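Chain residues, written in single-letter form:
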Amino acid sequence: MERPIPSLRVQIGSEIVLRRAVPHVLERDLTGRATVVRLRPQLRPGEVLCERMGEIPLIVTDASSLFPASSAQGMGYDAWMKRRVDLAHAEFMERTSRRLWCDWRAVATTDDIAGIYGIPASEGAP
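A brief structural summary.

## Overview of the packing of aromatic side chains
Then step 1. Considering all chains together, one arrives at one aromatic pair under this definition.
Then step 2. Seen from their ring centres, Tyr77 and Trp80 are 5.7 Å apart, and the 45° between their planes marks the pair as tilted. Note that Tyr77 and Trp80 are positioned in helix 3 (residues 77-96) at a spacing of three residues, about one turn of the helix.
Then step 3. Judged by its relative accessible area of 18%, Trp80 falls in the buried class.

## Some thoughts on the pattern of salt bridges
Two side chains carrying opposite charge are able to pair once their charged atoms lie near each other.
Then step 1. Evaluated as defined, the whole model comprises five salt bridges.
Then step 2. Between Arg19 and Glu47 there is a salt bridge; the shortest N-O distance is 3.0 Å. Of this pair, Arg19 sits in strand 2 (residues 15-28) while Glu47 is found in the loop between strand 3 (34-41) and strand 4 (48-50), placing the two residues 28 residues apart along the sequence.
Then step 3. By relative accessible area, which is 5% here, Arg19 ends up buried.
Then step 4. Put simply, Asp86 and Lys82 hold a salt bridge, and the shortest N to O gap is 2.8 Å. Taken together, the residues span about one helical turn, with Asp86 and Lys82 both in helix 3 at a distance of four residues.

## What about a nonpolar patch on the surface?
Then step 1. A contiguous nonpolar surface patch, about 480 Å² in accessible area, is contributed by Ile113, Ile116, Tyr117 and Ile119.
Then step 2. Note on placement: Tyr117 falls in helix 4 (residues 110-117).

## Observations concerning the side chain of Glu47
Then step 1. By relative accessible area, which is 15% here, Glu47 ends up buried.
Then step 2. One polar contact links Glu47 to Arg19, side chain to side chain, over a distance of 3.0 Å.
Then step 3. Here Arg44 takes part through its backbone nitrogen, which lies 2.9 Å from a polar atom of the side chain of Glu47.
Then step 4. Non-local contacts of Glu47, meaning those with residues more than four positions away in its chain, are made with Arg19, Gln42, Ile59, Val60 and Thr61.

## Brief notes about the sheet that holds strand 4
Then step 1. Pairing is mixed across the open sheet formed by five strands, whose spatial order is 3-2-1-5-4. Looking along the sheet, the strands with just one partner apiece sit at the ends: strand 3 and strand 4. In this sheet, neighbouring strand axes are inclined to one another by 40° on average, regardless of whether the strands run parallel or antiparallel.
Then step 2. Taken together, the six bridges between strand 1 (residues 7-12) and strand 2 define a ladder with antiparallel strand orientation. Residue pairing across strands places Ile12 opposite Glu15, the latter belonging to strand 2.

Procedures and definitions
Residues numbered from 1 in each chain as written. Predicted model: local features only at pLDDT ≥ 70, side-chain atom pairs only at ≥ 80, totals over all residues. Heavy atoms only, no water. Phe/Tyr/Trp six-rings, centres within 6.5 Å; stacked < 30°, edge-to-face > 60°. Helix = DSSP H or I, 4+ residues; strand = E, 2+ residues; numbered from the N terminus. Buried < 20%, exposed > 50% of the residue type's maximum accessible area, 1.4 Å probe, protein only. Salt bridge = Lys/Arg side-chain N within 4 Å of Asp/Glu carboxyl O. Patch = residues over 30% accessible without salt bridge, like charges linked within 9 Å, V, L, I, M, F, W, Y side chains within 5 Å. Areas by Shrake-Rupley, 256 points an atom, 1.4 Å probe, with all protein chains shown as cover. Polar contact = N/O pair within 3.5 Å; in protein donor to acceptor, adjacent residues only side chain to side chain. Contact = heavy atoms within 4.5 Å. Pairing = 2+ DSSP bridges. Axes fitted to C-alpha atoms, helices over the stretch in contact; angles between N-to-C directions.

Interpretation note: all reported values are geometric properties and have no functional meaning in isolation.
In C-alpha cells, the structure reads:
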C-alpha cells in the first residue's frame, strides 16, 4: 500500500499554495525508529522559510526583503542613533504624558474659584 505524499499550505507572496512536505526527525527511540517527526515545506534554491506563530508559513524568494540593510550604513551611525533616540523619546512622551480628562486647567486660581461660586474676586488678594 502506497502512502500519499504529504503536502503543507504555505504563503508565497500573496498566494497560498500547497508545497510538498519534507519530514524532519526530532526524536528517535532506542531502536533508532523516528518517534517525533516535524513536516517542513520543501524549499527551492533561493527561497527562505519564515515560520510565523499562528499563521501559515511564509516563503520569501528575495532575502533582501526579509533582512533589509541597516539604515545606519546609509545615513551614518550618529545620525541614525539620534533619529532612533528622538523617535523613542517622542513615543515615550506620547504614551506617558499627562492628559486631563476634562478641559479644565490643572491648577485653579482664586479668581476661578470665585467665579464658580459667584463671589466677587478680591482685587488685592494674591
